[in-house]
Amino acid sequence: NAGVTQTPKFQVLKTGQSMTLQCAQDMNHEYMSWYRQDPGMGLRLIHYSVGAGITDQGEVPNGYNVSRSTTEDFPLRLLSAAPSQTSVYFCASSYSSLTGAGNTIYFGEGSWLTVV
Amino acid sequence: AQTVTQSQPEMSVQEAETVTLSCTYDTSESDYYLFWYKQPPSRQMILVIRQEAYKQQNATENRFSVNFQKAAKSFSLKISDSQLGDAAMYFCAYKLVEYGNKLVFGAGTILRVKS
């Protein structure tokens, strides 16, 4: 019963380095999304996907890329890390129904990223 | 754009007492969902309660209940018989009835429970 799995849980990057945060879910959810959480702010949507091959930008997409080649995986890529990307990142998934089960959104445990 | 406002950065409650956390939101839509999430120090996001905007009846989950005032765009969370394990950050969130699980979060309220 894995749910939403994020890796790594902790990462320190140097400015300019690239990395990928991995997110996998085993519930056959169509919808997946990435959020970031900064001090004094709630979670903000970075990118989201409504199915394999379909992605779109959220509120704060700059500096991040995503792709969705399978239903299970939704990686988040930082192409050239900046200190402003120091944050806690959450992946989330849910079914695609607009009511009922589609509104139970499952979150991963978070990935702490520090860019120095 | 939709916005969610939590005006109380921090609240305290005595164990076994009742506390209410406030949330207001701004939207021009009539069909949407509202949520309260709990985030303990582990940072795990835990769904506390959910309210469908088309339902007039306030949602209740054990010791947790909401006061949903659609016209006032208000969605407060009441925690009864507060327990030490209730201490956490609480986020109010809004979601349109549309494709994609796109939540809009408030800034959060830290709840401290005193024994």
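Let me sum up the structure you'll find in this document.

A closer look at the pairing of strand β6 (residues 46-52) of chain B
Residue and element names in this part refer to chain B. Relative to β6, strand β5 (residues 32-39) runs antiparallel, the two sharing six bridges. Counterpart to Phe35 in the pairing with β6 is Arg50. Where β5 folds back onto β6 in an antiparallel hairpin, the turn is made up of six residues, including Arg43, whose phi is positive at roughly 75°.

A short note on the interface of chain B and chain A
Between chain B and chain A, the contact holds 20 residues from the first and 26 residues from the second. Buried surface at the junction of chain B and chain A, summed over both partners, amounts to about 2000 Å²; 58% is from carbon and sulfur atoms. Our count for the chain B to chain A interface comes out at zero salt bridges. Where chain B meets chain A, there are nine residue pairs in polar contact (both at pLDDT 80 or more). Contributing elements (two or more residues each) for the side of chain B that touches chain A: β5, β10 (88-96) and β11 (103-105) of chain B. For the side of chain B that touches chain A, the leading source of residues is β5 of chain B, giving four residues. For the side of chain B that touches chain A, a count of residues per class yields 10 nonpolar, five polar and five charged.

Some thoughts on the environment of Gly63 of chain A
You can see Gly63 of chain A is positioned in the loop between β6 (54-57) and β7 (64-66). Once residues lying within four places of it in the same chain are set aside, the contact partners of Gly63 of chain A are Arg77, Leu78, Leu79 and Gln85 of chain A.

Quick look at the environment of Leu34 of chain B
Residue and element names in this part refer to chain B. Here Leu34 lies in strand β5. Overall, Leu34 belongs to the buried group, its relative accessible area being 1%. It is 5.2 Å that separates the C-alpha atoms of Leu34 and Gln51, two residues lying 17 residues apart in sequence. Beyond its immediate sequence surroundings of up to four residues, Leu34 is in contact with Tyr25, Ile49, Arg50, Gln51, Phe68, Phe75, Ala93 and Tyr94.

Some remarks on the state of the cysteines
Following the criterion strictly, the structure yields two disulfides over all chains and no others. A sulfur-sulfur distance of 1.9 Å marks the disulfide that ties Cys23 of chain A to Cys91 of chain A. Every disulfide takes its handedness from the sign of the S-S torsion; for Cys23 of chain A and Cys91 of chain A that torsion is -75°, giving left-handed. One end of the pair, Cys23 of chain A, is in strand β3 (residues 19-25); the other, Cys91 of chain A, is in strand β9 (residues 87-94), and 68 residues separate them in sequence. On the accessibility criterion, Cys91 of chain A (0% relative accessible area) is buried. Two residues share a disulfide in this structure: Cys23 of chain B and Cys92 of chain B, whose sulfurs sit 2.0 Å from each other. Of note, the bridge from Cys23 of chain B to Cys92 of chain B carries an S-S torsion of about -70° and is left-handed in sense. In this pair, Cys23 of chain B is assigned in the loop between β3 (19-21) and β4 (24-26) and Cys92 of chain B in strand β10, connecting sequence segments 69 residues apart. In this pair, the class of Cys23 of chain B matches that of Cys92 of chain B, namely buried.

Quick word on the side chain of Glu52 of chain B
Residues and elements named next belong to chain B. Note that Glu52 resides in strand β6. A relative accessible area of 12% means that Glu52 is categorised as buried. Discounting chain neighbours no more than four positions away, the residues touching Glu52 are Tyr32, Tyr33 and Phe68.

Structural notes on the pattern of salt bridges
According to the stated counting rule, one finds seven salt bridges over all chains in the structure shown. Asp38 of chain A serves as the salt-bridge partner of Arg44 of chain A, at 2.7 Å between the closest nitrogen and oxygen. One exposure class covers both Arg44 of chain A and Asp38 of chain A, and it is buried. One salt bridge connects Lys73 of chain B with Asp26 of chain B, and the closest N-O pair in it is separated by 3.9 Å. Placement of Lys73 of chain B in the loop between β8 (64-69) and β9 (74-79) and of Asp26 of chain B in strand β4 is noted, with a sequence separation of 47 residues between them. Among the charged side chains, a salt-bridge network with shared partners connects Arg36, Asp38 and Arg44 of chain A.

The rules behind each value
Residues numbered from 1 in each chain as written. Chains lettered and ligands numbered in written order. Predicted model: local features only at pLDDT ≥ 70, side-chain atom pairs only at ≥ 80, totals over all residues. Heavy atoms only, no water. Pairing = 2+ DSSP bridges. Helix = DSSP H or I, 4+ residues; strand = E, 2+ residues; numbered from the N terminus. Contact = heavy atoms within 4.5 Å. Buried area = accessible area lost by both parts, 1.4 Å probe. Salt bridge = Lys/Arg side-chain N within 4 Å of Asp/Glu carboxyl O. Polar contact = N/O pair within 3.5 Å; in protein donor to acceptor, adjacent residues only side chain to side chain. Nonpolar A, V, L, I, M, F, W, Y, C, P; charged D, E, K, R; others polar. Buried < 20%, exposed > 50% of the residue type's maximum accessible area, 1.4 Å probe, protein only. Disulfide = S-S within 2.5 Å.

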